[in-house]
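# Overview (structure and organization)
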Amino acid sequence: MTAVFSHGRLRLYLLKLLDDGPKHGYELIRLLEDRFLGLYAPSAGTIYPRLQRLEAEGLVSHTAAGGRKTYDITDTGRAELHQRAGELTELESDIAASVADLSSLAGEIRSEVRGSVRDLKRELSEATRQTRRNRWEAPAAPPRPTPTAGPQAALLDELDQRLAAFTAEVGRLVRTRQFSETQLSTAIRLLDGALDGLRRLLR
């Protein structure tokens, strides 16, 4: 759970969300994820136990339909929300600051991913050029014709095409989606691992 919701502040925010209207658990999870621009989403194991405690304290109630519980704030819950209006204002401010920090961090990680992709492309391109140079070097003796086509040339062309497609696809994913810190860190490790493997292979 993100630090902004420490010390029981998540229950206060759940009351605030329910004050806007009845919701089931996964709606609350989605609303929290949207509030954090997709950079944080609480698990069901975080949300449902707190809803149960709020219900036990008489702050929320639920109705069941189709196997799904819909939660609603009670008058007692609204009274607590009113009493803690100052805390809620402070919490909203802290959430806004947290979202800004997470967005900045995500931007830095995306830049690192793009940098890793550029490095991978550059090193693979250099390895391809070196392989081609070696292929065109004349042997010491006896001289023999340098091939202009064949299986190796076709494979080098395919390598170029695969590299371009890989780079384009990674770039598209980075530009069009919001990622968690864990996803981006894992992506960087995968790229680093792929680059190390190719270095060993092509040297």
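Residues numbered from 1 in each chain as written. Predicted model: local features only at pLDDT ≥ 70, side-chain atom pairs only at ≥ 80, totals over all residues. Heavy atoms only, no water.

Now for the pairing of strand β2 (residues 60-65). In regular strands, side chains alternate between the two faces of the sheet. Direction of pairing for β2 relative to strand β3 (residues 68-73): antiparallel, over a ladder of 6 bridges. When the bridges of β3 are listed, His62 appears paired with Tyr71. In this antiparallel pair of consecutive strands, β2 and β3, the connection spans 2 residues, and Gly66 shows a positive phi of 60°. (Pairing = 2+ DSSP bridges. Helix = DSSP H or I, 4+ residues; strand = E, 2+ residues; numbered from the N terminus.)

Right, let's get into the packing of helix α2 (residues 25-35) against helix α3 (residues 44-56). The contact between α2 and α3 brings their axes to 10 Å, and the two run at 120°. Between α2 and α3, the angle falls in the class oblique. The handedness of the crossing between α2 and α3 comes out as right-handed. Between α2 and α3, the contacting residues are Gly25, Tyr26, Leu28, Ile29 and Leu32 on the first element and Ala44, Ile47, Tyr48 and Leu51 on the second. Residues of the contact of α2 with α3, tallied by class, amount to 8 nonpolar, 1 polar and no charged. (Axes fitted to C-alpha atoms, helices over the stretch in contact; angles between N-to-C directions. Parallel < 35°, antiparallel > 145°, perpendicular 65-115°, else oblique. Left-handed = near helix turned anticlockwise from the far one by under 90°. Contact = heavy atoms within 4.5 Å. Nonpolar A, V, L, I, M, F, W, Y, C, P; charged D, E, K, R; others polar.)

Okay, the sheet that holds β3 next. Read across the open sheet, the 3 strands follow the order β1-β3-β2; overall the sheet is antiparallel. Of all strands in the sheet, those with a lone pairing partner are β1 (23-24) and β2, marking the two edges.

Moving on: the confidence of the model for the protein chain. Looking at the protein chain, the pLDDT average stands at 76 and 62% of residues meet or exceed 70. Averaged over each element, pLDDT in the protein chain is lowest for helix α5 (residues 85-136) (69) and highest for helix α4 (residues 75-83) (95). (pLDDT = per-residue confidence, 0-100.)

Let us now look at the side chain of Arg84. In this fold, Arg84 is placed in the loop between α4 and α5. Arg84 gets classed as buried once you look at its relative accessible area, which sits at 17%. Those residues in contact with Arg84, other than ones at most four positions away along the chain, are Gly8, Arg11 and Leu12. (Buried < 20%, exposed > 50% of the residue type's maximum accessible area, 1.4 Å probe, protein only.)

Turning our eyes to something else, we now look at the nonpolar core. Judged by nonpolar contacts, the single largest core of 25 residues is most densely connected at Phe5, Tyr13, Leu14, Leu32 and Leu51. Contributing elements (two or more residues each) for this core: α1 (9-19), α2, α3, β3 and α5. No other element matches α1, which puts 7 residues into this core. Not counting residues up to four positions away in its chain, the partners in contact with Leu14 are Leu28, Leu32, Ile47, Arg50, Leu51 and Leu54. (Core = buried A, V, L, I, M, F, W, Y, C linked by side-chain atoms within 4.5 Å.)

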